[in-house]
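Residue-level structure breakdown
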Amino acid sequence: MPPPEAAVRTEGLVKRFGDFVAVDQVTLAVQRGEIFGFLGPNGAGKSTTIRILCGLLQPSAGRAEVNGFDVAETPESVKQSIGYMSQKFSLYDDLTVEENIGFFGGVYGVAAERRVQRAEYVLRMAGLADQRGAMTRSLAGGWKQRLALGCAILHEPPIVFLDEPTSGVDPIARRRFWDLIYEMAAGGSTVFVSTHYMEEAEYCHRVALMYRGRVIALGAPAELREAEGPGATMDDVFIASIEREEARHP
Amino acid sequence: MSLRRLGAIFRKEGLHILRDPRSLAAALLVPVVMLLLFGYALTLDVDRVPTAIHDLDRSPASRALIERFRGSRYFTVIQQEGGYAAIEEGIDRSRLLLGVVIPENFSEHLARGEEARVQLLLDGSDSNTAALAAGYAESLVLAYSADRRDAALRARGMKELEMPLDARVRVLYNHELKSKNFIIPGLIAVILMIISALLTSLTIAREWETGTMEQLLSTPVRPAELLLGKLMAYFVLGMADMAVALVLGLGLFGVPLNGSFWLLVFFSALFLFGALCWGILISTVARSQLLAFQASMVSSFLPAFLLSGFMYAIENMPLIVQQVTRIVPARYFVTALQGIFLKGVGMEVLWKEALFLFIYAGLVFTLAARKMRQKIA
């Protein structure tokens, strides 16, 4: 089957928790090989959207396709095609670096002969080759975060979802992490990354600004800034977009 | 079902177990402590009843009766002085369980062929023990009386009287009637139930609490694989516990294993699997480790202890409670254990127990897997 042109496509996606609408009519498409940024304050609905796209939550209405598979109907196929890294860097603290890699390699079904090769790649990528036997609990935040990313891409997924991967780590570790994202995109992966750091928007090919469950602006960072006027920053774009949104839906 | 994913879960879970020395020690020490505690301290046998004898007659006849009490393994005569007051005080202070009073005219009555009376004073606070002690004392006095009568008849040159009825008791299994032979096999059921429900109940709740569950759910791992992989790891630990209990039971307490060793292993494996599934089910329902711990304690320990027939005979329970015991898996396992250990019976007798345990394990596993899937969606 030839890969469909869009890696991720949603149409009128809605998620309700009781009366609360966490995701409200989100429609977007992410192209293959793109670094797509999901920006917005905490509680804007970024994580909920990502979790729907990863097959972890059922949408209340609308459609979403990941790698050509419908997330509500064929979540198993979706899970085969993605790597997901949640906010909490969910690794096992009482396992060593190598054991965590081995475990995730196993649950992603990486073939035994390929697993060694992939493990070496991840260790090198995360800069953890010298600490392969170290207990994960003893790693500093930045290392843990890179290990979590490495564990999520052991099976070479075409699409990677990163939910606020850089929250809570120091600026240098953040910078290094973005280098890894570029490396993955250069290798042909699609990266869907959420963040609440405005300056990180500049690292993305395209961004969606999310506010109260809605996408209020969508486009390349430079385009969005220019549309707002000369010298406008990403913050200005966000503020202006929110003001327009409030005027439309008070 | 993918073996690769199953193997990964199994290995990871095994590492968790090995990396947590406190839980591991608890898992292996609980059976030892429970066996020692129950094996030594808890005995339902009544023997060496502390007895005081107040002999007012002081005749050869009364001394002969006292000798019988001294000679019996059921009684230990610890006091012969002090009279009624001393017996009462002894019972009040729980030093004595039985007081035997031989009245002044005991030998006179006997000599004249009149009814001679012996008074038995009992501490009835533990009614079970008191009833058993009273029974032993009565039959001792009765045997003495029969011997006296026979001796008297012989003295007059008459033939001994045949008893119209004579019950010949032959105990078929556990012929020494030792309660430990009965308790220790049952205890194995309780130990396995507690250990398995306790350990597994935390395993899924912990993954929810640390957030690793979310990561797992984003991978292609299926709920059944996750459950089975975890079960397998704890299964190994549970069988190790079984081995510890078996070595102690056979070696230290000398409980006989009359039946097949492999049948014992088969039943233990079957029961263990069901008990582990129960723990997992609790773990999927309860999201916090604390709640899971409490729920597993109440739902595994209490029924296994009270309703399995391990301590309290099911036949003596009220009818409704008897019906409730039918859904307690430990009940079937206790029956199987006692059958294998003491009676040496095989599958031809125990197939019903095996069938129940099999259905139970399958049902709980399916339920846990379904619950898990619901929770994911």
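Please refer to the structure placed before this passage.
Residues numbered from 1 in each chain as written. Chains lettered and ligands numbered in written order. Predicted model: local features only at pLDDT ≥ 70, side-chain atom pairs only at ≥ 80, totals over all residues.

1. Comments concerning the overall build of chain B
Counting secondary structure elements, chain B contains 14 helices and four strands. Its C-alpha atoms give chain B a radius of gyration of 29 Å, more than 25% over the compact-globule value 21 Å for 377 residues. The buried share of chain B, taken over its 377 residues, is 38%. Looking at chain B alone, contacts between residues at least 24 apart form 80% of all its contacts between residues at least 6 apart. (Helix = DSSP H or I, 4+ residues; strand = E, 2+ residues; numbered from the N terminus. Rg over C-alpha atoms; globule rule 2.2 N^0.38 Å. Buried ≥ 20, exposed ≤ 12 C-beta atoms within 10 Å, placed from the backbone. Contact = placed C-beta atoms within 7 Å.)

2. What to know about the overall build of chain A
Across its full length, chain A carries eight helices and 10 strands. Whereas a compact globule of 250 residues would reach a radius of gyration of roughly 18 Å, chain A reaches 18 Å, a difference of no more than 12%. Each of the three principal axes of chain A carries a C-alpha extent, and together these read 55 × 40 × 35 Å. Within the span of chain A, comprising 250 residues, buried residues form 48% of the whole. Sequence-distant contacts in chain A: of pairs separated by 6 or more residues, those separated by 24 or more amount to 69%.

3. So, the packing of helix α7 (residues 180-210) of chain B against helix α13 (residues 329-343) of chain B
All names here are of chain B. It is the contact of α7 with α13, at a shortest axis distance of 9 Å, that shows an interaxial angle of 140°. With respect to α13, the element α7 is oriented oblique. As for how α7 packs across α13, the hand of that crossing is right-handed. In this structure, α7 uses N181, F182, P185, G186, I188, A189, V190 and M193 to contact α13, whose residues at the interface are A330, F333, V334, L337, Q338, F341 and L342. (Axes fitted to C-alpha atoms, helices over the stretch in contact; angles between N-to-C directions. Parallel < 35°, antiparallel > 145°, perpendicular 65-115°, else oblique. Left-handed = near helix turned anticlockwise from the far one by under 90°.)

4. Notes on the interface of chain B and chain A
Taken together, the contacts link 21 residues of chain B with 19 residues of chain A. Of all the elements in the fold, those that place two or more residues in the side of chain B that touches chain A are α1 (3-19) and α8 (212-217) of chain B. At nine residues, the largest contribution of residues to the side of chain B that touches chain A is made by α1(B).

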